[in-house]
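Each chain, letter by letter, is given below.
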Amino acid sequence: GVRKRAALSATASARRIGAAPASAPPSPMELAEGDRATLQLRSELAEAVAAEREAGAPEYLFGQPRLQRFLQGNGNKVQEAAEHFRKMVEWRREAGMAERRKLVEGKPWDPDVVPGLRPLLQMLSADVESHTPDGDLIWVQCDGLARLDRLMEVTDEDLFSTLFLMEVTDEDLFSTLFLM
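Residues numbered from 1 in each chain as written. Predicted model: local features only at pLDDT ≥ 70, side-chain atom pairs only at ≥ 80, totals over all residues. Heavy atoms only, no water.

### Observations concerning the pattern of salt bridges
Part 1: According to the stated counting rule, one finds eight salt bridges in the structure shown.
Part 2: A salt bridge links Glu 83 to Arg 86; its shortest N-O distance comes to 3.6 Å. Here Glu 83 and its partner Arg 86 are both found in helix H5 (residues 78-95), three residues apart, which amounts to about one turn of the helix.
Part 3: Accessibility expressed as a relative area gives 38% for Glu 83, which makes it partly exposed.
Part 4: Overall, the relative accessible area of 27% leaves Arg 86 in the partly exposed class.
Part 5: Linking Glu 105 and Arg 101 is a salt bridge whose minimum nitrogen-to-oxygen distance equals 2.9 Å.
Part 6: Judged by its relative accessible area of 7%, Arg 101 is buried.
Part 7: Taken together, the shared-partner salt bridges connect Glu 52, Glu 83 and Arg 86 into one network. (Salt bridge = Lys/Arg side-chain N within 4 Å of Asp/Glu carboxyl O. Helix = DSSP H or I, 4+ residues; strand = E, 2+ residues; numbered from the N terminus. Buried < 20%, exposed > 50% of the residue type's maximum accessible area, 1.4 Å probe, protein only.)

Pasting the structure below:
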């Protein structure tokens with residue numbers, strides 16, 4: 001993913017300028033054990049939130065990247081992750097997120113597709129319109145130039161709606177970003 005490549009690049013750069021070497025990478029056996037444990041936790045979480053799926057929550061909410069985010073965000077504690085997941089499903093229902101999703105679903109990634117995104121990106125001093133030759137999005141953000149005063153004027157509802165719709169237009173990108 002995007003962050004993984006950035007981390008690898010930063011590690012390589014640190015090695016080139018003489019930084020202390022990183023600890024040894026995990027062995028293949030350690031990686032396999034970690035993968036098995038992760039798969040088991042995701043399976044347990046999927047089972048714990050099965051009632052929400054059966055009650056009609058959208059299928060895309062139950063993808064592995066999203067379940068993994070809930071586990072990571074709750075210290076790999078399945079019951080806490082399940083409760084947090086249930087609250088998210090309820091919030092999405094109350095906020096009408098399924099209807100909002102329809103505004104951008106299936107459209108290409110573009111700041112003008114998501115209502116309110118272009119002005120938000122300008123406030124953040126971010127350029128998200130460039131891509132690498134293999135199609136990965138390039139996100140350049142100059143934090144020191146962000147207009148926090150203008151950003152604070154954006155209502156919570158508008159901000160959440162814009163960020164939600166931005167995620168829908170490129171779920172693979174945002175799943176990758178938030179998993180790293």
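Next comes the rest of the description.
### As for the environment of Asp 143
Part 1: Mapped onto the elements, Asp 143 comes out in the loop between strand E2 (137-141) and helix H8 (148-151).
Part 2: Between the C-alpha atom of Asp 143 and that of Ser 125, which follows or precedes it by 18 residues, the distance is 7.0 Å.
Part 3: Within the local environment of Asp 143, its side chain forms a polar contact with the side chain of Gln 141, the two groups lying 2.9 Å apart. (Polar contact = N/O pair within 3.5 Å; in protein donor to acceptor, adjacent residues only side chain to side chain.)

By themselves, these figures tell us nothing about what the structure is for.
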